[in-house]
Structures are given as C-alpha cells and as structure tokens.
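Coordinates in review
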Amino acid sequence: MSESRVIYGFHAVTSHLRSAPDGVREIYFDAARKDVRGADLLELAKTRNVRVMSVDTRRLDGMTGNASHQGVAASVAEVKLATHIDDVLEALTEPALLLILDGITDPHNLGACLRVADAMGVHAVIAPKDRAVGLNATVSKVASGAAETVPYIPVTNLARTMRDLKEREIWITGMDEHGATDLFAAKLDGARALVLGAEGEGMRRLTRENCDELVRIPMLGRVESLNVSVSAGICLSETRRQRGVAVKPAR
C-alpha cells in the first residue's frame, strides 16, 4: 500500500473527494458539528463510498498539530506526481509554462500560488529545497486540492536548474519591481518560466541574474507591492491571454 498523509479543512477534503476519491482512505469528522456544510461533506463521502470516523475535537487537534482544521481531516494516499522537471517537460504537448518561486517561506503563500498555478494550467512549480517552505498540510489546505494536481519540484540548485531550462529553449521571465518592461507590453508567449520572489525581499541575486529578462507589474495605485500569489495570478493570467491556448479541461 502507498504511503498516506493527513489533509484537513473543508476545501482540501472536499476537493480530494471530488477529484480523487479512490485516494481518500478515511475521513475524521468532528462529532459536535451539526451544520449544513458538514452534512454536505458527509453526503459527498457517502456517494464516494469513503468511510467516515466520528471523532472529538481533541483527536483532530492531535492529528493536525492544532491547526485550523474546521472539524474535518482525512487520511489520503500520496499522489504520485512528477518529481523531476525532465519528466514534466518530456510529457508536454504544448509549450511549457512553469512557475519558479524563490524564497517563499509562508505556507499560505505557497498554497495560494499552487491554486493559481492549477487555475492557469501551469505544468510545474519549481522552488529551491532550502529557504522555502515545501509541501505540508497547511499548504494543502490553502491550495484546495492543487497540491495534488500541480507537480511541485524542489531543486538543490535553483540557478543551475534555470540554466538547464534555458538550454531547453525555455525563456525565463523574472518579475521585478525594477524590470525594464511593463508586464502588459512584454511578450509572454512560447515556452516560458515565470520567476517570482518573496514579498518584500524579491528574488535572490543569482536568481535575478539567470533570468533572460525582468518585467514589472505596473502599480497604478498607492500600494507599493503585492502578495506573491496575487502577483502570480496577474502574470500567469496575462501569459495565458497572450498564448491564446486553451487551458486544461476541468477535472
């Protein structure tokens, strides 16, 4: 039997029940919940033939490390997504669209970026193994199922990986507030990797130096910066618009 892990929160558990019910081994539900939202989840689990265990809040707290589980958690099989960028690229039938995240340490930001990546048909998210949060239960909850659909590929040397992508003729566009080109004037079609750094700090020097170009998001209001997931959504949406390529069908 494959390894399992715990996910929690209504969005994460519901999404898994809908997209990959065979991978949901057991659901743990707070016996004190009697609301409509809980009843809907229990009905969905019943239609998917997934066993539900009625437990108390203390057990859910223990399973999730006292996280905000909303009264529901699930044991799910580990999803086998691609673990190396070569596997992703060799399976593509359209120009690559990759998202590179440099120095994202907040699991909420990573989860939101994965959710945006899934919505925009990104083929993989690449991040450094060090100085990055990595996948965990909080990321899965915020991603609302996207952690199970978008390959997340941690790499030992991000700069070297970027150079390898260039050798595969993938153009690397870094998003930087000092970029010479406005996002909406930039050419974003073709095989491409978009690079974003952590809010406030931005990309590290070596990451910036390995970009083929630096592009800025025009800021027309008074705020000076955007959350990294918001920036990712804006940039990926513009990239998809320029491509004129249909995104992946809904799962």
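About the criteria used
Residues numbered from 1 in each chain as written. Predicted model: local features only at pLDDT ≥ 70, side-chain atom pairs only at ≥ 80, totals over all residues. Heavy atoms only, no water. Pairing = 2+ DSSP bridges. Helix = DSSP H or I, 4+ residues; strand = E, 2+ residues; numbered from the N terminus. Axes fitted to C-alpha atoms, helices over the stretch in contact; angles between N-to-C directions. Contact = heavy atoms within 4.5 Å. Parallel < 35°, antiparallel > 145°, perpendicular 65-115°, else oblique. Left-handed = near helix turned anticlockwise from the far one by under 90°. Nonpolar A, V, L, I, M, F, W, Y, C, P; charged D, E, K, R; others polar. Buried < 20%, exposed > 50% of the residue type's maximum accessible area, 1.4 Å probe, protein only. Lys, Arg positive; Asp, Glu negative; His and termini not counted. Salt bridge = Lys/Arg side-chain N within 4 Å of Asp/Glu carboxyl O. pLDDT = per-residue confidence, 0-100. Core = buried A, V, L, I, M, F, W, Y, C linked by side-chain atoms within 4.5 Å.

Here we take up the sheet that holds strand S5 (residues 97–102). The seven strands lie next to each other as S7-S6-S5-S10-S8-S11-S9, forming an open sheet whose pairing is parallel. In this open sheet, the two edge strands, each paired with only one partner strand, are strand S7 (152–155) and strand S9 (181–182). As paired elements, S9 and strand S11 (residues 213–216) share two bridges and run parallel to each other. Within the sheet, the bridge partner assigned to Asp 182 lies in S11 and is Arg 216.

Think of a sheet as strands paired side by side through backbone hydrogen bonds, with each pair either parallel or antiparallel. The strand order S1-S4-S2-S3 describes an open sheet built from four strands, whose pairing is mixed. Each of the sheet's edge strands pairs with one partner strand only, and the pair in question is strand S1 (4–8) and strand S3 (52–55). Strand after strand, the sheet turns through a mean of 20 degrees between neighbouring axes, direction not considered. Sheet topology places strand S2 (residues 24–30) next to S3; four bridges connect them, and they run parallel. Looking across to S3, one finds that Ile 27 is bridged to Val 52. The sheet contacts of helix H3 (residues 57–64) involve S1, S2, S3 and strand S4 (72–77), and relative to S2 the element is tilted by about 130 degrees.

With that out of the way, let us pick up the packing of helix H1 (residues 10–19) against helix H2 (residues 36–47). Packing of H1 against H2 leaves a shortest axis separation of 10 Å and a crossing angle of 25 degrees. Taken together, H1 and H2 sit at an angle that is classed as roughly parallel. Considering how the two elements wind past one another, H1 and H2 form a crossing that is left-handed. Taken together, the residues of H2 that come into contact with H1 (itself represented by Phe 10, His 11, Val 13, Thr 14, Leu 17 and Arg 18) are Arg 37, Gly 38, Leu 41, Leu 44 and Ala 45. Across the contact of H1 with H2, the residue classes tally to six nonpolar, three polar and two charged.

Within S4, six of the six residues are buried, which leaves it mostly tucked inside the rest of the structure. Along S4, one buried face is formed by Val 72, Ala 74 and Val 76 and the opposite face, lined by Ala 73, Ser 75 and Ala 77, is buried too. Examined bridge by bridge, S1 and S4 share five bridges and lie antiparallel to one another. Counterpart to Tyr 8 in the pairing with S4 is Ala 73.

Attention now moves to the side chain of Lys 141. Structurally, the position occupied by Lys 141 is in helix H6 (residues 137–143). Buried Lys 141, no salt bridge; nearest opposite-charge side chain is Asp 61, N-O distance 11 Å. The residues contacting Lys 141, other than those within four sequence positions of it, are Tyr 8, Gly 9, Ala 12, Ser 68 and Gln 70.

What follows deals with the confidence of the model for the protein chain. Should pLDDT be low for a region, the predicted coordinates there are not to be read in detail. Within the protein chain, residue pLDDT values average 90, and 96% of them lie at 70 or more. This stretch, residues 247–251, has a pLDDT under 50; its non-local contacts, to residues over four places away or in other chains, come to seven contacts.

Core analysis: the largest hydrophobic core is formed by 31 residues, its most contacted members being Leu 99, Leu 101, Leu 114 and Val 125. Elements with a minimum of two residues in this core: S5, helix H5 (107–119), strand S6 (124–128), H6, strand S10 (192–197) and helix H9 (228–243). Counting residues per element, this core draws most heavily on H5, at five residues. When near neighbours in sequence (up to four residues on either side) are disregarded, Leu 114 contacts Val 125, Leu 135, Val 139, Ala 143, Ala 146, Ala 147, Val 150 and Tyr 152. Listed in part, the 19 residues of the second largest apolar core include Ala 124, Ile 153, Val 155 and Ile 170.

Position of Val 72 relative to the elements: it lies in strand S4. Judged by relative accessible area, which is 0%, Val 72 ranks as buried. In this structure the C-alpha to C-alpha distance between Val 72 and Phe 29, which are 43 residues apart in sequence, comes to 4.7 Å. Apart from residues lying up to four places away in sequence, Val 72 is in contact with Tyr 8, Gly 9, Phe 10, Val 13, Ile 27, Tyr 28, Phe 29, Leu 41 and Leu 60.

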